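So the chains spell out like this:
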Amino acid sequence: MSFSLYSQEMKRAISNPGLLALLVLLLVVSAGTTHAKPIQTAETSLAAATDPKALLERVAETYRNLKSYEFDLTLLTDIRSAAGRKSVETHIELTNVRPDKLRILISGGLGEVQVYSDGAMSSIFVPALKQYTRKATSDAKAAAADGASRLAAIAMQVLEQFERISSGVHTAKFLPTEKLEVGDTQVECDVVAVELEEQDPDEKRLRTYWIDSQRNLVLKAVQLDKLSGDGANLLETEITTTFRKAEINPSIPDSTFAFKPPADAKEVEAFRKPRPVA
């Protein structure tokens, strides 16, 4: 999306924090979709200790090769413009056994959505509506995306962005190491500051990653996008992703991916808000 169109969409959305955060997440986490080719030489491991770009490539390769994972994370989306400041916090739990077993639990400022796929059937449940959809996984992938489906797709893209973390990097440098608390564990992290390649002269895209270099996992990320240098149209978005749990290649029981609808929930073809009682 071009800057001018992005700016127009943002101006329309700025009065609605949930809509605005959803638009920001869609644009930011889907940017730069080209995957870098993995570097698999013996020098890569040694280079990662001194070369931040080599470390980013190792991180990308780790995420591309995951077989299963459990991630529990919080997204804090902060939007600053001439019209004011909006913040939205979203909590996401991602559990996946590739290729097709999945559970996503989303709550917070963007709403509550639950997604389940056991490989054969896929279900999306919206607790506020007490409604759920259930489709064969192949049909669910082909179906037109509704709001709940788009929110689930965003949740996946938040993680998938790390598969291309080494793409489009203009500069990268190490900052002093920091310890992060993940669950009950203190993890020593390499901190890498990145400036992405320019896509528009009015844009600046900065990233900071806290990386567990023992497992090549991102445990915290800050994405800062300055989308205009003009004061009247200044728009900055900052998305802070913090992981409270990060387990890779664990053994996950199949029951995790089975959806059991609540007794008062209704199966629907498409989500609809209940009509108000006259």
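Here, the structure is the one placed above.
Nothing here was measured: the structure is a model prediction, and the numbers come from that model. (Residues numbered from 1 in each chain as written. Predicted model: local features only at pLDDT ≥ 70, side-chain atom pairs only at ≥ 80, totals over all residues. Heavy atoms only, no water.)

## Re the overall build of the protein chain
Alright, step 1. Regarding its fold elements, the protein chain presents 6 helices and 12 strands.
Alright, step 2. Of all 278 residues assigned to the protein chain, the portion counted as buried reaches 45%.
Alright, step 3. Sequence-distant contacts, at least 24 apart, represent 56% of the contacts inside the protein chain between residues at least 6 apart.
Alright, step 4. Counting every atom, the protein chain has about 14400 Å² of accessible surface; 50% of that belongs to carbon and sulfur. (Helix = DSSP H or I, 4+ residues; strand = E, 2+ residues; numbered from the N terminus. Buried < 20%, exposed > 50% of the residue type's maximum accessible area, 1.4 Å probe, protein only. Contact = heavy atoms within 4.5 Å. Areas by Shrake-Rupley, 256 points an atom, 1.4 Å probe, with all protein chains shown as cover.)

## Some thoughts on the nonpolar core
Alright, step 1. With 49 residues, the main nonpolar core has Y63, F71, L94, I104, F162, Y209 and V218 as its most contacted residues.
Alright, step 2. Among all residues touching Y63, those that are not within four sequence positions of it are F71, R98, L159, F162, E163, N216, L217 and V218.
Alright, step 3. Listed in part, the 6 residues of the second largest apolar core include L105, Y116, F259 and A265. (Core = buried A, V, L, I, M, F, W, Y, C linked by side-chain atoms within 4.5 Å.)

## Side note on the packing of aromatic side chains
The description of two aromatic rings rests on the distance between their centres and on the angle between their planes.
Alright, step 1. Within the structure shown, the criterion is met by 9 aromatic pairs.
Alright, step 2. With a centroid separation of 5.1 Å and 40 degrees between ring planes, the pair formed by Y69 and F71 is classed as tilted. Exposure class is identical for Y69 and F71. Each is buried.
Alright, step 3. Judged by centre distance (5.3 Å) and plane angle (65 degrees), the rings of Y132 and F259 are edge-to-face. Residue Y132 is located in strand 6 (residues 131-136), and its partner F259 is located in the loop between strand 11 (235-248) and strand 12 (266-267); the two are separated by 127 residues in the primary sequence.
Alright, step 4. Given a relative accessible area of 8%, Y132 falls into the buried group. (Phe/Tyr/Trp six-rings, centres within 6.5 Å; stacked < 30°, edge-to-face > 60°.)

## Side note on unusual backbone geometry
Alright, step 1. The step from R98 to P99 runs through a cis peptide bond, and the omega angle for that step is 15 degrees.
Alright, step 2. By the secondary structure assignment, P99 is in the loop between strand 2 (84-97) and strand 3 (101-108).

## A short note on the environment of V192
Alright, step 1. Along the polypeptide, V192 turns up in strand 8 (residues 185-196).
Alright, step 2. Owing to a relative accessible area of 0%, V192 belongs among the buried residues under this scheme.
Alright, step 3. Not counting residues within four places of it along the chain, the set of residues in contact with V192 comprises P52, L55, L56, A172, K173, F174, R207, T208, Y209 and I211.

Note that every value here comes from positions in space, so none of it alone points to a role or purpose.
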